[in-house]
Amino acid sequence: MALGGNVQLHLVFGDITNETTDVVVNATDFTNFHNEGVCKDILTVAGPQVEAELKAAKVNRGDIFVSQSGQFPCKAFFHVSGERDESLIEELVCNIINQCEKSGFESVAIPAICAGAGGLDPGVVAGAVLCGIKASTSSRNLCKLTHIKIVLNRIKVFLVFKEAATRMFSPVIKKAPAMPQVRQQSPPLITDLKLTNISSGSQQSTFKFIGLGKNKVDDAMKNLKSLYETVCSTQTISKEDMEVLTQEDVEAFKQLVESEGLFMEEDPSGSLTVTGLKDGVTQLMMMIQSCLQGSLRIEVRLRDEEDLYNRVMWCILDQRGIWQRLPKIANYNLEKRDIAAGIEDAQGVTWQVNLQEMEATATGQKKKLKRLENLLGKRNKK
C-alpha cells in the first residue's frame, strides 16, 4: 500500500528471519530470550554476540535498543519491549520509523509486537502498529525510509492485520478516462469469450468483444487470455497435506480462500485444485507450507523427547524423600537447558530451575534435582 510520497507499506505472511531489510525489529522482554517467538528465532540466526549485547542492555520503558546484526543479513537490530501495552506499542512504532529516517535506513521489518509470546490480542496489536505507522508517515515527509514491512508468521494474525490495514489505508480509485470515439467503417464483429470466475463459487464471467474485423477481435481475445494467465495461478494441494491441518488451520484456510476470492475444486482422489490471483494462491500455499513445517517440527520434537527419555532421566525429590521422574517435556527442556520459562512436574506444578545448584523452586519450596543416564541404552544405540 502506498502511504504517500515514496513510502510503501508491505504486509508479509512469512518468517522475519528471511527478511533482508536494513533494519529488523526484535520484540523482546529483555529477560527471556529463549521462549518460543520472534526473539528466539532472530537470536538463533544472529548468533551469540547479539544475545550477549541484549543480556547486558539497560533499557528504560519505551526505549529502542540498537545492536549489531551479527550473522543476520541486516544492518542493525532495533530491540523493543511492548509490555502488552497498546499505547506503548503505537509509540514504539512511531519511534522506530523516526529513528530509521534519522539514521538513513531505507527499509524496516516489524513483527506483530506482543501478539505472539506476549499474548496480546492480534486486533489490538494491529490497531496499535498501524496507527503508529499512520501517525509517523502523515506528520512528516520521509526522505530516506521508503519500505515499511510488517512481517507476520501466523495466518490468523496476517488476516487481522490485512483487514485493519485495508480499512485504515483504503486505496484511492481513479476514474478511468473515457474511451475515444472510433468511426466505424463496417458493421462490428461481436464474439463472446468465457473465462472461469476467480471466486469460491463456480460461476463464469462472459466478455463481449466488439471490433471492426475478425483479426482485431482475435488479437484482443488472445491478449486478454494472456493477461489472465499472467496474473492467475493454479496449484494442487494433496489429500495427505490437507489431513495434516488442524481445525484452527482449516478455519484460517477457509477465511483466506474467501477473502482472496479463490476458486477450489476437489478431484476424485481428494486433492484440491486452487485457482485465483497469484498473490492469493501464493499466500494460501505459504500457509499450507507453514502448517506442514509446524507439524513436522512437532513430530520431530516428540520423537526427540521419546528418544531422550529412554537414555536420560531427570528426577525431582518429593516431600517424602523419594525421587520422582519428571515428564518427557521437562526431561527434554532440562537436558537442552531450555528452562527460561521453568519446567512442569507430573502434578502440573511449574518450577524455576537453577542448574548450577541442581535445584528447583516453586511457591517458596526448594527441591533437589538429579540427572541419571542409561549407559546400557546408550551403548545399544551405538
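Scroll up for the structure.
Throughout what follows, the structure given in this document is the object of discussion. Quick caveat, the model's predicted, so the values are computed rather than measured.

Turning our attention to the pairing of strand S13 (residues 312–317). Taken residue by residue, a regular strand's side chains alternate between the two faces of the sheet. Pairing of S13 with strand S18 (residues 365–373) involves five bridges; the strand directions are antiparallel. Its bridge partner lying in S18, Cys315 is registered against Lys370. Relative to strand S14 (residues 323–325), S13 runs antiparallel, the two sharing three bridges. Counted as the bridge partner of Ile316 is Gln324 from S14. Where S13 hands over to S14, the hairpin turn is made up of five residues, of which Gly321 adopts a positive phi near 80°.

Before going further, it helps to spend a moment on the pairing of strand S17 (residues 359–362). Two strands pair when backbone bridges link them, and strand S16 (residues 350–354) and S17 are joined in this way by three bridges, in the antiparallel orientation. For Val353, the partnering residue across the bridge sits in S17 and is Ala360. Taken together, S16 and the strand that follows it, S17, pair antiparallel across an intervening segment of four residues, in which Met358 is found at a positive phi of about 55°. Examined bridge by bridge, S17 and S18 share four bridges and lie antiparallel to one another. Pairing of Ala360 across the sheet is with Lys367, part of S18. The turn joining S17 and S18, which pair antiparallel and follow one another in sequence, is formed by two residues; a positive phi near 45° is taken by Thr363.

Once that is clear, we can look at the side chain of Asp318. Following the sequence through the fold, Asp318 ends up in the loop between S13 and S14. Relative accessible area serves as the criterion here: at 17%, Asp318 is assigned to the buried category. Engagement of the side chain of Asp318 in a polar contact is seen with the backbone nitrogen of Arg320, the distance being 2.9 Å. A polar atom in the side chain of Asp318 sits 3.1 Å from the side chain of Gln324.

It is worth spelling out the packing of helix H9 (residues 278–311) against helix H10 (residues 328–335) at this point. Where H9 meets H10, the axes come as close as 9 Å, and the angle between the chain directions of the two elements is 85°. In terms of axis orientation, H9 runs roughly perpendicular to H10. Only Lys328, Ile329, Asn331, Tyr332, Asn333 and Glu335 of H10 make contact with H9, whose side of the interface consists of Arg301, Asp304, Glu305, Glu306, Leu308 and Tyr309. Taken together, the residues of the contact of H9 with H10 break down into four nonpolar, two polar and six charged.

Here seven strands make up an open sheet; going across it, the order is S1-S2-S7-S6-S3-S5-S4 and the pairing mixed. The outermost strands of the open sheet, each flanked by one partner alone, are strand S1 (2–4) and strand S4 (65–67). Strand-to-strand twist across the sheet, computed as the mean angle between neighbouring axes with direction ignored, equals 25°. Relative to strand S5 (residues 76–80), S4 runs antiparallel, the two sharing three bridges. When the bridges of S5 are listed, Phe65 appears paired with His79. The strands touched by helix H3 (residues 86–103) are strand S3 (23–27), S5, strand S6 (107–110) and strand S7 (147–152); relative to S5, the strand with the most contacts, the crossing angle is about 160°.

To continue, consider the sheet that holds strand S11 (residues 263–266). One open sheet holds the three strands; their spatial order is S10-S12-S11, and the pairing between them is antiparallel. Edge positions in the open sheet fall to strand S10 (232–237) and S11, since each of these has one partner strand only. Pairs of neighbouring strands in the sheet enclose a mean axial angle of 15°, with direction left out of account. The pairing of S10 with strand S12 (residues 272–277) spans six bridges and is antiparallel. What sits directly across from Thr236, in S12, is Thr273.

Definitions and cut-offs
- Residues numbered from 1 in each chain as written.
- Predicted model: local features only at pLDDT ≥ 70, side-chain atom pairs only at ≥ 80, totals over all residues.
- Heavy atoms only, no water.
- Pairing = 2+ DSSP bridges.
- Helix = DSSP H or I, 4+ residues; strand = E, 2+ residues; numbered from the N terminus.
- Buried < 20%, exposed > 50% of the residue type's maximum accessible area, 1.4 Å probe, protein only.
- Polar contact = N/O pair within 3.5 Å; in protein donor to acceptor, adjacent residues only side chain to side chain.
- Axes fitted to C-alpha atoms, helices over the stretch in contact; angles between N-to-C directions.
- Parallel < 35°, antiparallel > 145°, perpendicular 65-115°, else oblique.
- Contact = heavy atoms within 4.5 Å.
- Nonpolar A, V, L, I, M, F, W, Y, C, P; charged D, E, K, R; others polar.

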